[in-house]
4 protein chains.
Amino acid sequence: MLLTDAANGVFPIAPTPFLEDGAIDTSSIDRLTDFYLESGATGLTVLGQLGEAPKLEHAEGIAVAAQMIQRANSIPVIVGVTAPGFAAMRALTREVMEIGAAGVMIAPPNTLRTDDQIVGYFRQAAESIGTDVPFVLQDYPLTFSVQMSPSVIRRIVSEIPSCVMLKHEDWPGLEKISTLRGFEKDGSMRHIAILCGNNGLFLDYEMSRGADGANTGYCFPDMLCDLVRLTRAGQIEEAHDLFDAHLPLLRYEQQPGVGLAVRKYVLMRRGLIASAAQRKPAAGMSATARGEVDHLMRRLAKQDPRAEVRPD
Amino acid sequence: MLLTDAANGVFPIAPTPFLEDGAIDTSSIDRLTDFYLESGATGLTVLGQLGEAPKLEHAEGIAVAAQMIQRANSIPVIVGVTAPGFAAMRALTREVMEIGAAGVMIAPPNTLRTDDQIVGYFRQAAESIGTDVPFVLQDYPLTFSVQMSPSVIRRIVSEIPSCVMLKHEDWPGLEKISTLRGFEKDGSMRHIAILCGNNGLFLDYEMSRGADGANTGYCFPDMLCDLVRLTRAGQIEEAHDLFDAHLPLLRYEQQPGVGLAVRKYVLMRRGLIASAAQRKPAAGMSATARGEVDHLMRRLAKQDPRAEVRPD
Amino acid sequence: MLLTDAANGVFPIAPTPFLEDGAIDTSSIDRLTDFYLESGATGLTVLGQLGEAPKLEHAEGIAVAAQMIQRANSIPVIVGVTAPGFAAMRALTREVMEIGAAGVMIAPPNTLRTDDQIVGYFRQAAESIGTDVPFVLQDYPLTFSVQMSPSVIRRIVSEIPSCVMLKHEDWPGLEKISTLRGFEKDGSMRHIAILCGNNGLFLDYEMSRGADGANTGYCFPDMLCDLVRLTRAGQIEEAHDLFDAHLPLLRYEQQPGVGLAVRKYVLMRRGLIASAAQRKPAAGMSATARGEVDHLMRRLAKQDPRAEVRPD
Amino acid sequence: MLLTDAANGVFPIAPTPFLEDGAIDTSSIDRLTDFYLESGATGLTVLGQLGEAPKLEHAEGIAVAAQMIQRANSIPVIVGVTAPGFAAMRALTREVMEIGAAGVMIAPPNTLRTDDQIVGYFRQAAESIGTDVPFVLQDYPLTFSVQMSPSVIRRIVSEIPSCVMLKHEDWPGLEKISTLRGFEKDGSMRHIAILCGNNGLFLDYEMSRGADGANTGYCFPDMLCDLVRLTRAGQIEEAHDLFDAHLPLLRYEQQPGVGLAVRKYVLMRRGLIASAAQRKPAAGMSATARGEVDHLMRRLAKQDPRAEVRPD
């Protein structure tokens, strides 16, 4: 099962669950993966930016990916393979494709500036990993400091057939989706899947702009699945009502640095992972922050019962 | 009337209203200023980052500031004087202080990196404009690429008596407020006013962290005033209810680039300025974007009647 | 006399001479200008990046430009008009063109990233200042953080007729010159003047790559004029001998920050300006650094007697 | 043999030699290593920024390091272990220390801004690799975008005993050396070795400022060894004469991107490696560039016969 440009729906970004002592929590990996499937996820991404991949030894990373791929065997699993050099990227890609990954995700190094540099980088990356490996182009300027204009994305898509999906997390990004879909309509670019990241902060309107779904790690992936489903069913106001109820928490989780701590904390409160532990270096949550998230969940629970959690 | 460290409440960032032909719309300036006063604003900032100051000829900028200062004469008016050199900063500061400004706001140039460079810059800026002129330290890393740790802010506050207020728009920023207020409590830093920017995206929790209010340009400054009032009155859940109702629109307006267009569009729809026109270069709104904002306002109007506007 | 794409030779970047008390040293301005003319300069640039323009009040800047324009009336004078907004850029351009400037120089703001953003910025800038005003495109990524590929420069030159000259200070930059001259040869870009900056660190080979000369502030502009003259006369090895003799000092002056202090110090030692004073904020020279420059000049004087200066 | 703060002399940065087909050229590794020893190198650094480490598979990198460590067994070998995460950094460190490395070199990730972030990063890195492993702090703002003030370096040295050496490549950097040595003199910082990088562009004056030597990859490491020797012997003018003769070529090689190609080309011309081949992605040299380097070598050969090479 290889990733194609027909990808759509919700591909949660899976965190890596750890036990309190820092060991990988394999039983939480299973529980979390099962939950994604039950929620209606149509794919999965592991070892992404917020999967703490850089804190895993090489063999650990492979083991985490393998477990998720095996457990979620009915849906495609994308593995993040961004690396400082093509040798490591190629080696990791080969390993994960051999164990059943559906494709890989590549973010640009933050030294790229000009359009030509960006296109050149992805051309070389695609050659390195093998042109038979479908890849996701990650467009996340806030984190990677690389700005890709719509015309650069069109050049990448046109020149590199193995680029099948865009993880869209530019900000602002709504017009970008419209422009890219416009390119498809006017015949100047082939179709690619566009799944939105950035914690889903604009997913309500990104769907109506033409996005195919979400590829992000918000702690209520079940809400993201509902949102996509409602939108497709034409229940637009219901979709917005649901989204707006989650927005206060979603915005809180979207903060850089502390966001992963919030995400793991809520997943733990929801009983989906055993511990919110991160490996070092970790941006933790203060007691005040935990109180704020508890408050946000209590308020959310009035509108979405899934946010009701047993007292700490 | 000079700005002091006792500043609190809401200091809206005023946009500069233009007529369709690009001329300054002086009658909208008056209308907008009156509205700020009626809404309960306790101060005002003009010629800020989103006041299109760089698009004004020097004399125009002075005229806009003078008109607002005169019209809003019961509350302090802060003028943005950020400039590429100290000569221009000093000249502009003198002019606006002479016509009645309460203080000035200074953002750091994006070449600053180390703690020593940052402290050194503000020391020189303060000497240039005159140590008798109170100034607001603008802490906005996303836009200015300068990251000030809490200890750097403490050094600035400790070494420069004329720094009386922090325009806090770091992101994430909640722990920063707690840390700064902790410095005050442990006696290692004198008190300064902390007013929050960043369109108010976290104002709900920033207030409970110890902020004194808001200094931002969200298109419903009256909501910001209510939020601060409710919070102070201990009506915490009511404050959150109001804030959450506005969050979908507030988040939309907070997008960089297009944000000012959204702000002016809503202010126009609310009848507060005559036109949403910006001077060039302007990031405009597409018809789709206008439709999205209309939609957000209709949804908001169900909870806050102030968002009900006459059909376009 | 307007700047055209036929510009060539050496356009020194003039520093602004100050007296010890910070006042503008008008008599040194005349002396320096006369020296440029005697040395064979074919043009002049004032209020550039290292002309301390941001430290001048507006009227002072105009006065400095006016004096140099008048004194150097046989050669074209370019004025730096880079500004944070188009309003100020337009106003300054009009003023200096009225007093006889031959053209203006514009550097990009460091927020520009994509090719489209860069081209768009210069298109708007050209419209703002007036399409009848010839301008110099400053390509200096190290200082401005904006990287322009050759194809972006070609787009700017093709779309904006008033762009007549490139101040080339990319690093590395030799292949860029070859590529741009290749564009001219293959008919895909009209001719523009290319004058090299970056203190002339690669001027020896830039000339053979197709550059038209230098537009930089090295403290021996007379050497730069000789270098261009020797190169054109086909005396290549003599040109390199002269250049290599200067390279140790030239490299020392090319350091960012301290470079201007070195430049002014040597110009003072050469009797061309009365004082090495800079206005604040200034990166000064330590006693050790002055000793190093004295040492470099003593060593240079063995090969170029112009470096012999009277004991301090 | 562990690296200590008494390190001094010249530690060349070794490139990784490849055959034309991209395979690692083990016989050139031996030849090159022998040459370093004969030239008087007192240490060696492998897998540095310009050692193409990111293009090596993990096992290849270890093999290259192992071969150099074994061949150069009389002098300490430092291995670059900079990695996007501490897990990979720790794993690589353990492997290379086990095979006999004397210490490791760590560069900061380019996301670090504030003093606290920088100090915190190196504290965590030191803990990750083990506090018994001596490490070199790489201070190279131009490439890593992280600016460390002297006081930050002092904090790192003071808080982390395993930091024994500074690879100094800030620019400008002369005053920084003086400041750090001043800290040692006034007792506020313990001694560390300072070896200079940046291709040696300022090594002539860095030595007199208090540097202990060079840690860089210039294609004439034998010249660097002579320079350090002459300087220590008090033959200052002779040291400058030698340095100045090399400066035109040294400056040419110091260009970012193309620099490694120049270095390998000259090492090949000198018969020290079999091929100038780089693995992809490589910034190659044009025929014109090769001609320029040949020209620079011919000119250099007049003063330093080591630059005489057999015709191509």
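Residues numbered from 1 in each chain as written. Chains lettered and ligands numbered in written order. Predicted model: local features only at pLDDT ≥ 70, side-chain atom pairs only at ≥ 80, totals over all residues. Heavy atoms only, no water.

Caption draft 1: Molecular detail of the interface of chain C and chain A. Between chain C and chain A, the contact holds nine residues from the first and nine residues from the second. For the chain C and chain A pair, buried surface summed over both sides reaches about 830 Å², with 44% attributable to carbon and sulfur atoms. When the buried area of chain C at its contact with chain A is split by residue, Arg113(C), Thr114(C) and Gln147(C) rank highest and sum to 58% of it. Taken together, the connections running from chain C to chain A amount to zero salt bridges. Counting the contacts that link chain C with chain A gives five residue pairs in polar contact (both at pLDDT 80 or more). At three residues, the largest contribution of residues to the side of chain C that touches chain A is made by helix α4 (residues 115-129) of chain C. Here the residues of the side of chain C that touches chain A sort into one nonpolar, five polar and three charged. (Contact = heavy atoms within 4.5 Å. Buried area = accessible area lost by both parts, 1.4 Å probe. Salt bridge = Lys/Arg side-chain N within 4 Å of Asp/Glu carboxyl O. Polar contact = N/O pair within 3.5 Å; in protein donor to acceptor, adjacent residues only side chain to side chain. Helix = DSSP H or I, 4+ residues; strand = E, 2+ residues; numbered from the N terminus. Nonpolar A, V, L, I, M, F, W, Y, C, P; charged D, E, K, R; others polar.)

Caption draft 2: A look at the relation of the copies chain B and chain A. When chain B is fitted to chain A, the best match, at an RMSD of 0.0 Å, comes from turning it 180° and sliding it 0.0 Å along the axis. Here the two chains are linked by the operation of a two-fold rotation axis. Taking the C-alpha atom as reference, chain B places Leu247(B) closest to the rotation axis, 3.7 Å from it. The overlap is high: 100% of the interface residues of chain B also sit at the interface in chain A, so the same surface is used on both sides. (Least-squares fit on C-alpha atoms with pLDDT ≥ 70 in both.)

Caption draft 3: Local environment of the side chain of Asp170(A). All names here are of chain A. Its location among the elements puts Asp-170 in the loop between β6 (163-168) and α7 (174-185). Of the polar contacts made by the side chain of Asp-170, one reaches the side chain of Lys-176; its length is 2.7 Å. Once residues lying within four places of it in the same chain are set aside, the contact partners of Asp-170 are Asp-139, Pro-141, Lys-176 and Asn-198.

Caption draft 4: Main features of the relation of the copies chain C and chain A. Mapping chain C onto chain A is achieved by rotating through 180° and translating by 0.0 Å along the same axis, at an RMSD of 0.0 Å. A shared binding surface is used by both copies, with 100% of the interface residues of chain C retained as interface residues in chain A.

Caption draft 5: Structural detail: the packing of helix α3 (residues 86-98) of chain B against helix α4 (residues 115-129) of chain B. Residue and element names in this part refer to chain B. Two elements in contact, α3 and α4, have axes whose closest approach is 8 Å; the angle formed by their N-to-C orientations is 45°. The angle between the axes of α3 and α4 places the two elements in the oblique class. Read as a crossing pair, α3 and α4 show a hand that is right-handed. Contacts between α3 and α4 involve Phe-86, Met-89, Arg-90 and Thr-93 from the former and Tyr-121, Gln-124, Ala-125, Ser-128 and Ile-129 from the latter. Among the residues making up the contact of α3 with α4, the classes are represented as five nonpolar, three polar and one charged. (Axes fitted to C-alpha atoms, helices over the stretch in contact; angles between N-to-C directions. Parallel < 35°, antiparallel > 145°, perpendicular 65-115°, else oblique. Left-handed = near helix turned anticlockwise from the far one by under 90°.)

Caption draft 6: Spotlight on the interface of chain B and chain A. Across the contact, 33 residues belong to chain B and 33 residues belong to chain A. Around 2900 Å² of area is buried between chain B and chain A when both sides are counted, 55% of it from carbon and sulfur atoms. Together, Tyr205(B), Arg251(B) and Arg299(B) form the three largest contributors to the area buried by chain B at its contact with chain A, with a combined 23%. Linking chain B with chain A are ten salt bridges, by the criterion used here. One salt bridge connects Glu292(B) with Arg209(A), and the closest N-O pair in it is separated by 2.7 Å. Where chain B touches chain A, the interface holds 20 residue pairs in polar contact (both at pLDDT 80 or more). Looking at the side of chain B that touches chain A, the elements that each hand over two or more residues are α7 (174-185), α8 (203-209), α10 (236-253) and α12 (287-301) of chain B. It is α10(B) that provides the largest number of residues to the side of chain B that touches chain A, a total of nine residues. Tallied by class, residues from the side of chain B that touches chain A come to 15 nonpolar, eight polar and ten charged.

Caption draft 7: Looking closely at the environment of Ala289(C). Inspection of the secondary structure puts Ala289(C) in helix α12 (residues 287-301). We classify Ala289(C) as buried; its relative accessible area is 2%. Note: C-alpha distance between Ala289(C) and Ala261(C) (28 residues apart in sequence) is 10.0 Å. The residues touching Ala289(C), leaving out its near neighbours within four places in the chain, are Tyr252(C), Glu175(D) and Arg209(D). (Buried < 20%, exposed > 50% of the residue type's maximum accessible area, 1.4 Å probe, protein only.)

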